[in-house]
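Results of the structural survey
So you can see what is in the structure, the chains are spelled out below.
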Amino acid sequence: KLTTSKGTTQKIVQSACLTFASPVKVVNGRIHKKLELFMRKVAHLSHLRIQELVNDLNKDGMKIRPLVARQVEYAFIHVITQTALAKDRHIDQLIMCILYGLCKINRIT
């Protein structure tokens, strides 16, 4: 499961506020609860989508190890928190691009 601890969730939300020029302000280290809930749901949905995609690809004959699935999750969190790549992108598009890149790196066909 994706790491959705309090620190990670706050990091995701703060990054979203900065990246997307959100009108939500971080006041005294407290983050707007609705945005925090939304980002937790995004993290949970991405975890479910990654697991579903990996399971479907494994059924089709690809041998994607659990380690690669975990790397996809970590890369997805990095994309959401550290880059502006997530702006105007669909979650599934980001996940498929990350999975494609990791499969190329790990020579999975």
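Everything that follows concerns the structure shown earlier in this document.
Right, let's walk through the structure included here.

A word on the nonpolar core
Counting 23 residues, the largest nonpolar core has Ile 64, Val 72, Phe 76 and Leu 99 as its most contacted members. Listed by contribution, the elements that provide at least two residues to this core are helix H2 (33-59), helix H3 (66-82) and helix H4 (91-105). Looking at this core, the element that brings in the most residues is H4, giving seven residues.

Focus on the pattern of salt bridges
The final tally for this structure, using the stated rule, is one salt bridge. Ionic pairing is found between Arg 49 and Asp 92, a salt bridge with its closest N-O pair at 2.5 Å. Of this pair, Arg 49 sits in helix H2 while Asp 92 is found in helix H4, placing the two residues 43 residues apart along the sequence. Residue Arg 49 is classed as partly exposed on the basis of its relative accessible area, which comes to 30%. Among the residues examined, Asp 92 registers a relative accessible area of 24% and is labelled partly exposed.

Considering the packing of H2 against H4
For the pair H2 and H4, interaxial distance at closest approach is 10 Å and the crossing angle is 50°. In this view, H2 runs oblique relative to H4, as classed from their interaxial angle. Our pair here, H2 against H4, has a crossing hand that is right-handed. Contacts between H2 and H4 involve Val 42, Leu 45, Ser 46, Arg 49, Ile 50, Leu 53 and Leu 57 on the former and, on the latter, Ile 91, Asp 92, Ile 95, Met 96 and Leu 99.

Rules of the game
Residues numbered from 1 in each chain as written. Predicted model: local features only at pLDDT ≥ 70, side-chain atom pairs only at ≥ 80, totals over all residues. Heavy atoms only, no water. Core = buried A, V, L, I, M, F, W, Y, C linked by side-chain atoms within 4.5 Å. Buried < 20%, exposed > 50% of the residue type's maximum accessible area, 1.4 Å probe, protein only. Helix = DSSP H or I, 4+ residues; strand = E, 2+ residues; numbered from the N terminus. Salt bridge = Lys/Arg side-chain N within 4 Å of Asp/Glu carboxyl O. Axes fitted to C-alpha atoms, helices over the stretch in contact; angles between N-to-C directions. Parallel < 35°, antiparallel > 145°, perpendicular 65-115°, else oblique. Left-handed = near helix turned anticlockwise from the far one by under 90°. Contact = heavy atoms within 4.5 Å.

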